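Residue-level listing of the chains:
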Amino acid sequence: LTLTVAMIMTAATAVQASPALSSRSRAAAPLRGASAHPARRTLRASTSRVRASAEDAPVAEQKTKMVVAVTGATGFVGKALVDRLMADGHEVRILTRNAISARLAMPNAALNGAKFYSWDTVKGKIEWYEAVSGCTGVVNLAGAPISSPWNAEYKKTLVKSRIVTTKRVVDAINALPVDERPTLVSSSAVGFYGTSKAAAGFSEKARAGKDFLAKLCVDWEKEAARCESTTTVVRTGVVLEKGGGALAKILPVFQLYGGGPLGSGKQFVSWIHRDDLVELFVRALKEPKKYAGVVNGTAPVPTTMDGLCEAVAKATDRPNWLPVPGLALRALLGEGATVVLDGQKVLPTRTRELGFEFKYENVEEALEAIVAK
């Protein structure tokens, strides 16, 4: 049952300078104000040609350096986003509860110049306000994982880790002068739509569901909507990659010949490769007005639990034969089991309309690439 825990979860035309004066023109009487010195005329003509060529030559695309603050930077997606931003030459500021622990968790980022800011410090100084000042964008990824067994206390943790953190980020942005406020890219989840067996799928325009996670996502997004700056909300699906998320425990189980679907296997799984999700965040940072609003962070071709497990089995060359009964999942995970036993089909309709191109559109390609690493 180890595998079940993980599943709850960016030749120009050379313009010729004015033709040199013809010999006939030079023989004619000079225009009023023209120089009597041919050498000066030649120099001026040459200068004019150089200026025209410089002005009309193709200009290389300039890469604008961004300054980005990130919450949830020590997480599975956050680390990948920080690595990508720093590799692209951007400045990264990591907003965390404990800067010392975050530095230890992200030694490469620390060595490469990322700055760390704590919310609660020994002196009681609120460093997040300082960190957000001067940023071009803020990415809010913080939130406790849904892969742990749910009880009344942990449900409070799920809520607090998302709502309170988002409130802090939004308050820090809104405290700045209007012309100094960074844009906000805030994470949400496909749980917004509630669990469903509907084959039609949910686009960004669909209404919210009514279960616990749906209500949590609604409140989470409402908090982000308080931001008085351009805001993008990314409703993220099951993120696939080695080293974390669902595959961190699925892959080892299959490699030990113990893999199989959860529950009926017919439930939908709306997934996304981590590389595509990171790219989506980067695009929203670079083109905030274009991506403002809600976008679904899911691959264009959702799968089912059977489909996901078959893709893992094929990529690992292992059997997909040992199903986990739904009753066992509910006994282990409580109410949280519904996330994987029911699921939902979510489509990135607006995401694609905006021109975003997914590197991995189907789960077979994604798993082949992940396992091959």
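From a predicted model like this one, the values you see are computed outputs, not experimental measurements. (Residues numbered from 1 in each chain as written. Predicted model: local features only at pLDDT ≥ 70, side-chain atom pairs only at ≥ 80, totals over all residues. Heavy atoms only, no water.)

**Q** Whenever I open this one, the pairing of strand S6 (residues 231-236) confuses me. Can you help?
**A** The side chains of a regular strand alternate between both faces of the sheet. Counting buried residues in S6 gives six out of six residues, a clear majority hidden from the surface. Direction of pairing for strand S5 (residues 183-189) relative to S6: parallel, over a ladder of six bridges. Residue leucine 184 lies in a different strand from S6, and its bridge partner there is threonine 231. Handedness of the β-α-β unit built from S5, helix H9 (residues 212-225) and S6 comes out right-handed. (Buried < 20%, exposed > 50% of the residue type's maximum accessible area, 1.4 Å probe, protein only. Helix = DSSP H or I, 4+ residues; strand = E, 2+ residues; numbered from the N terminus. Pairing = 2+ DSSP bridges. Right-handed = clockwise from strand over helix to strand, strands pointing away.)

**Q** Explain the environment of leucine 213 to me, please; I cannot follow it from the model alone.
**A** With respect to the element layout, leucine 213 can be found in helix H9. Considered as a pair, leucine 213 and threonine 195 are 18 residues apart in the sequence and their alpha carbons are 9.1 Å apart. When residues no more than four places from it in sequence are discounted, the contact partners of leucine 213 are Ile146, Trp150, Gly191 and Val339. (Contact = heavy atoms within 4.5 Å.)

**Q** Just checking my understanding: could you explain the nonpolar core for this structure?
**A** Buried together is how nonpolar side chains tend to be arranged in soluble globular proteins. The biggest cluster of nonpolar side chains holds 37 residues, and the ones touching the most others in it are Val70, Leu81, Leu85, Val139 and Phe281. If you list the elements that add at least two residues to this core, you get strand S1 (67-71), helix H4 (76-87), strand S2 (91-96), helix H5 (99-105) and helix H11 (274-286). Ignoring any residue separated from it by four or fewer positions in sequence, one finds leucine 81 in contact with Val70, Val139, Leu141, Val278, Phe281 and Val282. Counting 29 residues, the second largest nonpolar core, distinct from the first, contains Leu251, Phe254, Val312 and Val340. (Core = buried A, V, L, I, M, F, W, Y, C linked by side-chain atoms within 4.5 Å.)

**Q** Is there a simple way to explain the packing of H4 against H11 in this structure?
**A** A pair of packed helices can be characterised by two numbers: the angle between their axes and the separation between those axes. For the pair H4 and H11, interaxial distance at closest approach is 10 Å and the crossing angle is 60°. Taken together, H4 and H11 sit at an angle that is classed as oblique. Considering how the two elements wind past one another, H4 and H11 form a crossing that is right-handed. Contact residues: H4 offers Phe76, Val77, Ala80, Leu81, Arg84 and Leu85, while H11 offers Arg274, Leu277, Val278, Glu279, Phe281, Val282 and Leu285. Residue composition of the contact of H4 with H11, grouped by class: ten nonpolar, no polar and three charged. (Axes fitted to C-alpha atoms, helices over the stretch in contact; angles between N-to-C directions. Parallel < 35°, antiparallel > 145°, perpendicular 65-115°, else oblique. Left-handed = near helix turned anticlockwise from the far one by under 90°. Nonpolar A, V, L, I, M, F, W, Y, C, P; charged D, E, K, R; others polar.)

**Q** Honestly, the pairing of S1 in this entry has me stumped. Any pointers?
**A** Counting buried positions along S1 gives five out of five residues, so the element sits mostly inside the fold. Sheet topology note: the S1/S2 ladder contains five bridges and is parallel. Bridging from a neighbouring strand, threonine 71 pairs with leucine 95 of S2. With H4 bridging S1 and the parallel S2, this β-α-β connection has right-handed handedness.

**Q** Can you walk me through unusual backbone geometry in this structure?
**A** Most peptide bonds take the trans form, and the phi angle of most residues other than glycine is negative. Positive phi, normally seen in glycine, also occurs at tyrosine 257, with a value near 65°. Mapping tyrosine 257 onto the fold places it in the loop between helix H10 (247-255) and strand S8 (268-269). We classify tyrosine 257 as partly exposed; its relative accessible area is 46%. One non-glycine residue, aspartate 317, lies in positive phi territory at about 60°. Mapped onto the fold, aspartate 317 is located in the loop between helix H13 (305-316) and helix H14 (326-333).

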